[in-house]
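Chain and residue survey
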Amino acid sequence: MVSIDGKRLPPEARPAAEVYERAAAGDDFALTDSIGYLVRDAHRVFLRAMQMRVSDTEITMGMWFFLRILWQEEGISQRDLSRRIRMMEPTTVTALRLMERRGLVYRERDTSDRRRSLVYLTDRGRALRAELLPLAAETNLVAIAGLNSGEILNLRRMLTAVIANLDRDVASRGADPGLVEDDIADHDP
């Protein structure tokens, strides 16, 4: 029986999931059968494709993720920014310092809680949106080439479900799913 933590999978998922049940019992399985490997590989080539597009700018991929969140909402705390990007707070502090030195963001103490720093974009940081968002859209268009609208919607739905499943698993094991250290931290050369 194919199951996750004793819960039986729906019939339509069983044939595709049997490879994992066999692997849990000690059998090997190909990397191309591993959802985790495929998602990681897709993430890495996405980063590479985007980095190639922004290489003529002063923006690193680590900065990109912060800018992307701040273009949607400014004045959020460093902690909230860390959680939304799923990075540890020390990594966020390092990236924000670099972004401050480059004149892209500034931090202010929260007037209602002096322990919190709120992050804002500078005019320069805001202006980058018009330059960089089209590059991200182009990268996404390349990634979805050959997929129809239904497949694109299903891909988004499925990836969202995978993230939610893994967040629940992490939380059930006593960890905070909002804090995930990644390998995209910026370091000032």
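Per an unreviewed UniProt entry, the recorded name for the protein is MarR family transcriptional regulator, and the organism is Tistrella arctica.

1. Considerations on the packing of aromatic side chains
As enumerated under the stated definition, the model contains 2 aromatic pairs in all. Ring centres of Y106 and Y120 lie 5.4 Å apart, and the angle between their planes is 15°; on these two criteria the pair is classed as stacked. With Y106 in strand β4 (residues 105–110) and Y120 in strand β5 (residues 113–121), this pair connects stretches of sequence that are 14 residues apart.

2. With respect to the sheet that holds β5
Spatially, 3 strands are ordered β3-β5-β4 in an open sheet, and the strand pairing comes out antiparallel. On the outer flanks of this sheet lie β3 (76–77) and β4, each paired with one strand and no other. Direction of pairing for β3 relative to β5: antiparallel, over a ladder of 2 bridges. The residue of β5 that forms the bridge with I76 is V119. Relative to the sheet, helix α3 (residues 61–72) contacts β3, β4 and β5, its axis offset from that of β5 by approximately 95°.

3. A few points about the side chain of T122
Along the chain, T122 falls in the loop between β5 and α6 (123–143). Among the residues examined, T122 registers a relative accessible area of 17% and is labelled buried. Not counting residues within four places of it along the chain, the set of residues in contact with T122 comprises G103, L104, V105 and Y106.

4. A look at the packing of α3 against α6
The interhelical angle for the contact between α3 and α6, taken along N-to-C directions, is 110°, at an axis separation of 10 Å. Between α3 and α6, the interaxial angle falls into the category roughly perpendicular. Seen along the crossing, α3 lies across α6 with a hand that is left-handed. In this structure, α3 uses W64, L67, R68 and W71 to contact α6, whose residues at the interface are G125, R126, L128, R129, L132, L133 and A136. A breakdown of the residues in the contact of α3 with α6 according to their chemical character gives 7 nonpolar, 1 polar and 3 charged.

What counts as what
Residues numbered from 1 in each chain as written. Predicted model: local features only at pLDDT ≥ 70, side-chain atom pairs only at ≥ 80, totals over all residues. Heavy atoms only, no water. Phe/Tyr/Trp six-rings, centres within 6.5 Å; stacked < 30°, edge-to-face > 60°. Helix = DSSP H or I, 4+ residues; strand = E, 2+ residues; numbered from the N terminus. Pairing = 2+ DSSP bridges. Contact = heavy atoms within 4.5 Å. Axes fitted to C-alpha atoms, helices over the stretch in contact; angles between N-to-C directions. Buried < 20%, exposed > 50% of the residue type's maximum accessible area, 1.4 Å probe, protein only. Parallel < 35°, antiparallel > 145°, perpendicular 65-115°, else oblique. Left-handed = near helix turned anticlockwise from the far one by under 90°. Nonpolar A, V, L, I, M, F, W, Y, C, P; charged D, E, K, R; others polar.

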